[in-house]
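The primary structure of each chain is shown beneath.
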Amino acid sequence: MGWTEYEKKLKEWYGYSEAKNQDDIIIDIYNSQRPAGSYKMTRTDPWCHAAVSAAAYASGNAGKVPNTCYCPTGINIWKKWGKWVGRYTNAYNPQPGYIIYYDWNKDLISDHVGTIIARNGKILTVREGNRNDMLCDRQINVDSPLIIGYGIPDWGGATQTPVATIPTHEETKRTWLQIGDTGEEVKDVQTKLIALGYSLPSGADGKYGNETFKATEQFQHDVGIKEDGLVGEITRSKLNNAYNTRSAAKANNSWIARLQAACNAQGFSNQKVDGIAGPNTLAGCPTLGTASRGSITKLVQEKLNAMGYNCGAVDGKNGPNTQTGINAFKKAKGLTANGIVDKNMWKALLGL
């Protein structure tokens, strides 16, 4: 077995799409042989590295590429094997058969991967899973700064091993966020947690403190992954997926889902509690006047506090402090500041 069988398997899967649920086939193959104790993928997870690993297994080449579903882990395995070449090292010369990794966000953390199937001058043709929700090809210049490096499988003589190089500082940089970190990466995580309904009273301030740690830990609990309060590749992948779909894997723990349930319980709606904001959710949200009180008012207070519009105690009463928070939010959104949670404010709160 070798490159021929691996390439044939990728060709067989070419055109597989999420629209036809064919990505589930690849995810199921990956899960069927994933390393003991490793993360079990769900059918909503990004599946680019799963495609690489599953193709190796399904073509009889297990062990020739990292058996993981996360790109940063894959890179670490290549480095451990001594078969990793970074983008800015002297040995950099990608060829067909190599597994190439990208850094779309330019944060030195790999977030996509594919297999080089052809090279024409400086143009690489890369076959990738989860590209535009399909398994298809990309053409990219060999000098693109989006490329972070590649791993070299031993296909049985199909590839040539480059001269070994010492990894640069950038290549060995810590790939998770933790307490004490600051900057745009932290702010991005905070913004997504707040959008999903997790409480960060200080808002997205770009400082990874106890608030962010606790919110991250709660998110990890809600989606069923290790609860360590660190934003590593698994947490980042889950968070991005939840943010993009506006629902955590366990929707009944999200702020939107709790709002949906409260509106149903009080007779304002009869909607599906799925944690996804939409027209039905908006239609079911009641107008909250300056004398309102109860669980829905409490949810508004919680949301505003998390977004940095201080309502004071989350007590379910639309008192002076709550009205101050409401008015600050409405002014920021260009709405009439009257202390009332009306349809326009609900629309803004739900991100519609």
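Residues numbered from 1 in each chain as written. Predicted model: local features only at pLDDT ≥ 70, side-chain atom pairs only at ≥ 80, totals over all residues. Heavy atoms only, no water.

## With respect to the packing of aromatic side chains
Move 1: For the coordinates displayed, the defined rule picks out 12 aromatic pairs.
Move 2: Plain terms: the ring middles of Trp-84 and Tyr-101 are 5.6 Å apart, the flat faces sit at 65° to each other, and that makes the pair edge-to-face. Here Trp-84, found in strand S1 (residues 84-86), pairs with Tyr-101, found in strand S2 (residues 99-102); they are 17 residues apart in sequence, far enough to count as distant.
Move 3: Given a relative accessible area of 9%, Trp-84 falls into the buried group.
Move 4: When the centroid spacing of 5.3 Å and the interplanar angle of 90° are considered together, the rings of Tyr-309 and Phe-329 count as edge-to-face. You can see Tyr-309 sitting in the loop between helix H10 (295-306) and helix H11 (320-332) and its partner Phe-329 sitting in helix H11, a full 20 residues away along the chain.
Move 5: By the ring-pair criterion, three or more aromatic residues cluster together here, those being Trp-3, Tyr-6 and Trp-155.
Move 6: The cationic tip of Arg-138 hangs over the ring face of Tyr-102; the distance from NZ or CZ to the ring centre is 5.4 Å. (Phe/Tyr/Trp six-rings, centres within 6.5 Å; stacked < 30°, edge-to-face > 60°. Helix = DSSP H or I, 4+ residues; strand = E, 2+ residues; numbered from the N terminus. Buried < 20%, exposed > 50% of the residue type's maximum accessible area, 1.4 Å probe, protein only. Lys NZ or Arg CZ within 6 Å of the ring centre and 35° of its normal.)

## A short note on the confidence of the model for the protein chain
Move 1: Across the protein chain, the average pLDDT comes to 85, with 91% of residues at or above 70.
Move 2: Taken as a whole, residues 247-252 scores under 50 in pLDDT and shows 17 contacts with residues more than four places along the chain or in a different chain. (pLDDT = per-residue confidence, 0-100. Contact = heavy atoms within 4.5 Å.)

## Some thoughts on helix H8 (residues 255-265)
In an α-helix, one turn spans 3.6 residues; hence positions three or four apart end up facing the same way.
Move 1: Here H8 has its buried residues at Trp-255, Ile-256, Ala-257, Leu-259, Gln-260, Ala-262 and Cys-263.
Move 2: Against the buried residues of H8 lie helix H9 (279-283), H10 and helix H12 (343-349).
Move 3: Immediately downstream of H8, the backbone of Gly-267 shows phi near 80°, a positive value.

## Thoughts on the pairing of strand S4 (residues 123-131)
Move 1: For S4, the tally of buried residues reaches 7 of 9 residues, placing the bulk of the element in the interior.
Move 2: Linkage of strand S3 (residues 112-120) to S4, two consecutive antiparallel strands, is achieved through a turn of 2 residues, within which Gly-121 is found at a positive phi near 65°.
Move 3: Across 7 bridges, the pairing between S4 and strand S5 (residues 134-141) is antiparallel. Within S5, the residue paired with Val-126 across the bridge is Arg-138. (Pairing = 2+ DSSP bridges.)

## Re unusual backbone geometry
Move 1: One non-glycine residue, Asn-21, lies in positive phi territory at about 60°.
Move 2: Along the chain, Asn-21 falls in the loop between helix H1 (3-13) and helix H2 (23-33).
Move 3: Using a relative accessible area of 48% as the deciding quantity, one classes Asn-21 as partly exposed.
Move 4: Even without being glycine, Asn-130 reaches a positive phi, approximately 65°.

## Side note on the side chain of Thr-297
Move 1: By the element assignment, Thr-297 lies in helix H10.
Move 2: Of the polar contacts made by the side chain of Thr-297, one reaches the side chain of Ser-292; its length is 3.2 Å.
Move 3: Not counting residues within four places of it along the chain, the set of residues in contact with Thr-297 comprises Leu-288, Ser-292, Gly-316, Lys-317 and Asn-318. (Polar contact = N/O pair within 3.5 Å; in protein donor to acceptor, adjacent residues only side chain to side chain.)

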